[in-house]
Amino acid sequence: HALAVTLLAFGEARAQLGLPADKALIVYTGSDAPWKGLRYLREASHLLSEDYEVVFVGHMETHGATSNQRFVGARPYEEMPLWLAEAEAELNRLR
């Protein structure tokens with residue numbers, strides 16, 4: 001399968017996805033399967049200042065979310081480049 005890629009100006013992906021322009025983004029893609037250790041990221045995000053937002057993309061529980069956490073649910077594969085385009089850090093666990 002070919003994937004069409006469109007180049008975006010800085011900030012354009014954030015605007016399309018409704019993400020804040022004034023925060024550093026940490027984006028996690030995946031699920032919350034227990035063996036992935038997502039609970040550690042959720043706990044660690046409590047330690048971040050309000051200058052950061054942790055965005056969780058994928059199937060996962062949203063209980064206990066803090067003001068700097070955003071859960072967007074499962075998104076189409078074709079949309080993944082937009083979620084990752086302007087992240088200061090991207091996390092996923094592949095095993």
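All residue numbers here refer to positions counted from 1 along the written sequence of the relevant chain. Residues qualify for local features only when their pLDDT is at least 70, as the model is predicted, and side-chain atom pairs are given and counted only at 80 or more; totals for whole chains, interfaces and linings, by contrast, use all residues. Based on all heavy atoms of the structure, the side-chain values leave hydrogens and waters out of the count.

Peer 1: What exactly am I supposed to notice about the overall build of the chain here?
Peer 2: Within the chain one finds three helices and four strands. As a reference, a globule follows 2.2 Å times the number of residues to the power 0.38, and the radius of gyration itself is taken over C-alpha atoms. By the compact-globule yardstick of 12 Å for 95 residues, the chain fits well, its C-alpha radius of gyration being 13 Å. Taking the principal axes of the C-alpha coordinates as reference, the chain spans close to 35 × 30 × 20 Å. The burial tally for the chain puts 35% of its 95 residues in the buried class. Partitioning the intrachain contacts of the chain with sequence separation of at least 6 by distance along the chain shows that 59% fall at a separation of at least 24. Using the Shrake-Rupley algorithm and a 1.4 Å probe, accessible areas are obtained, with residue cover drawn only from the displayed protein chains. When the accessible surface of the chain is split by element, carbon and sulfur atoms take 57% of a total near 6,200 Å². In DSSP terms, a helix is any run of H or I states spanning at least four residues, a strand is any run of E spanning at least two, and both are numbered starting from the N terminus. Only protein chains enter the accessibility calculation, which uses a 1.4 Å probe; a residue is then buried when its area is under 20% of its type maximum, exposed when over 50%, and partly exposed in between. Residue contacts are counted whenever heavy atoms from the two residues lie within 4.5 Å of one another.

Peer 1: Help me understand helix H2 (residues 38-45) in this model?
Peer 2: Restricting attention to buried positions, one finds in H2 the residues Leu38, Leu41, Arg42 and Ser45. Taken down its axis, H2 places every buried residue within 100° of arc, on the same side. On the buried face of H2, the contacting elements are strand E1 (24-29), strand E2 (52-57), strand E3 (69-73) and strand E4 (89-91). Arc definition: it is the arc formed by the directions from the helix axis to the C-beta atoms.

Peer 1: Before we go on, may I ask you to explain the confidence of the model for the chain in this structure?
Peer 2: The predicted coordinates of low-pLDDT regions are not to be read in fine detail. Per-residue confidence from the prediction method is given by pLDDT, with values spanning 0 to 100. Residue-level pLDDT values for the chain average 86, and 91% of them are 70 or greater. No element of the chain has a lower mean pLDDT than helix H1 (residues 12-17), at 88, and none a higher one than E2, at 96.

Peer 1: Teacher, can you tell me more about the sheet that holds E2 here?
Peer 2: Backbone-to-backbone hydrogen bonds join strands into a sheet, with any given pair of strands oriented parallel or antiparallel. Strands are treated as partners if at least two bridges between them are detected by DSSP. If you trace the four strands from one edge of the open sheet to the other, you get E3-E2-E1-E4, paired in parallel fashion. Here the strands that pair on one side only, and so sit at the sheet edges, are E3 and E4. Sheet twist, expressed as the average angle between the axes of neighbouring strands with direction ignored, equals 20°. Bridging between E1 and E4 involves three bridges; their strand directions are parallel. Across the sheet, residue valine 27 finds its bridge partner in E4, namely glutamate 90. Geometry is summarised by axes, namely lines fitted to C-alpha atoms with helices restricted to the contacting stretch, and by angles between N-to-C directions that run from 0 to 180 degrees.

Peer 1: Help me out: how do you make sense of the packing of aromatic side chains in this one?
Peer 2: One pair of aromatic rings is described through two measures. These are the centre distance and the angle between the planes. A pair of Phe, Tyr and Trp rings is counted when the ring centres sit within 6.5 Å of each other, with Trp represented by its six-membered ring. The angle between the planes then sorts it: under 30 degrees is stacked, over 60 is edge-to-face, the rest tilted. Scanning the model with the defined rule gives two aromatic pairs in all. Their ring planes at 55° and their centres at 6.3 Å tell us that tyrosine 28 and phenylalanine 56 sit as a pair that is tilted. In this pair, tyrosine 28 is assigned in strand E1 and phenylalanine 56 in strand E2, connecting sequence segments 28 residues apart. Taken individually, tyrosine 28 and phenylalanine 56 each receive the classification buried, so the pair is uniform in this respect. Summarising the aromatic geometry, the rings of phenylalanine 56 and phenylalanine 71 are spaced 4.5 Å apart at their centres and angled 5° between planes, so their arrangement reads as stacked. With phenylalanine 56 in strand E2 and phenylalanine 71 in strand E3, the pair connects residues that are 15 residues apart, well separated along the chain. Residues phenylalanine 56 and phenylalanine 71 agree in their burial class; the two are buried. Among the aromatic residues, those joined into a ring-pair cluster are Tyr28, Phe56 and Phe71.

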